[in-house]
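Structural overview for review
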Amino acid sequence: MAKKTFNEKLNFTGDLPKIENLNKKPELVARYKAATMLIAAPIQYNEVMAKVPKNKLITIDKIREHLARKEGADITCPLTAGIFINICANAAVEREDKNFPWWRTLKAKGELNEKYPGGYDNQKLKLIMDGFEIVQKGKKYFVKDFEKYLWDIT
C-alpha cells in the first residue's frame, strides 16, 4: 500500500471532528481540568492557519482554544493538534502553495517549530522575511515580543 501524501492526510477526516467525554477517565479530567475534549480534523487547523494575516502570528494553543470554543468542547487534544499542524505545513509545501502562511503558526511562548518543513532554518527565514525578529534561547528559537503580533482569531 502506498504511503499517503500530506495532502491526502490533510483532507482525510474519518470520524473527525469528534468530542470525547473525559468523565469516564478521572485521570484525564485531572490532567486536563476538562470534561470534554475535541479531536479536530486536520482540515480545521488548515482553515485557521490559512487566515493568519501578514504581520500577525498565532500559536497552536490559540488555535486549539478557538476550535474548542467553536465546537463546544472544553479543550482540544494537544497531541493531535501538534501532528495535524505539521500535516498542514507539509501539505502546503507539498502542493507548492506559497500563499499558505504555515510559518506564522508558532508553538507556545512564541517558539518556532523544528518539525516544520526545513526545520528551524526555513521557518526563521520566512519569519525574518515577514519582518519578525528571531532570538535564540539555548537550542530553541523564538519570535521576539511575539505577544505584540498575536492575531485575534475571535
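To be clear, the structure that these remarks concern was listed above.
Heads up: these notes are all about the structure in this document. (Residues numbered from 1 in each chain as written. Predicted model: local features only at pLDDT ≥ 70, side-chain atom pairs only at ≥ 80, totals over all residues. Heavy atoms only, no water.)

Examining the overall build of the protein chain
A tally of regular secondary structure across the protein chain gives 6 helices and 7 strands. Across the protein chain, helices and strands are ordered from the amino to the carboxyl terminus as α-β-α-β-α-β-α-β-α-β-α-β-β. Taking 154 residues into account, the globule formula puts the C-alpha radius of gyration at 15 Å, and the protein chain, at 16 Å, falls close to it. Seen through its principal axes, the protein chain has C-alpha atoms that stretch 45 × 40 × 30 Å. Per-residue burial for the protein chain yields a buried fraction of 44% across its 154 residues. A separation of at least 24 residues holds for 61% of the contacts in the protein chain among residues at least 6 apart in sequence. Carbon together with sulfur atoms contributes 53% to the accessible area of the protein chain, which is approximately 8,900 Å² in total. (Helix = DSSP H or I, 4+ residues; strand = E, 2+ residues; numbered from the N terminus. Rg over C-alpha atoms; globule rule 2.2 N^0.38 Å. Buried < 20%, exposed > 50% of the residue type's maximum accessible area, 1.4 Å probe, protein only. Contact = heavy atoms within 4.5 Å. Areas by Shrake-Rupley, 256 points an atom, 1.4 Å probe, with all protein chains shown as cover.)

Examining the pairing of strand β6 (residues 134-137)
Of the pairings in the sheet, the one linking β6 to strand β7 (residues 140-143) comprises 4 bridges and is antiparallel in character. Bridge pairing in β7 places Lys137 opposite Lys140. Following β6, the chain reverses through 2 residues before pairing antiparallel with β7; Gly138 in that reversal takes a positive phi of roughly 70°. (Pairing = 2+ DSSP bridges.)

With respect to the sheet that holds strand β4 (residues 75-76)
The strand order β1-β2-β4 describes an open sheet built from 3 strands, whose pairing is mixed. Two strands in the sheet have a free side with no partner beyond their single neighbour: β1 (18-21) and β4. Sheet topology note: the β1/strand β2 (residues 36-39) ladder contains 4 bridges and is antiparallel. Bridge pairing links Lys18 to Ile39 in β2.

A look at the nonpolar core
Tyr45, Met49, Ile63, Trp102, Leu112, Leu127 and Val143 are the most contacted members of the largest nonpolar core, which has 44 residues in total. Among the secondary structure elements, those contributing two or more residues to this core are β2, α3 (42-50), α4 (60-71), α5 (78-94), α6 (119-129) and β7. Broken down by element, the residue count for this core peaks at 8 residues, all from α5. In this structure, Leu127 is in contact with Leu57, Trp103, Arg104, Leu106, Leu112, Phe132, Ile134 and Val143, ignoring residues within four places of it in sequence. (Core = buried A, V, L, I, M, F, W, Y, C linked by side-chain atoms within 4.5 Å.)

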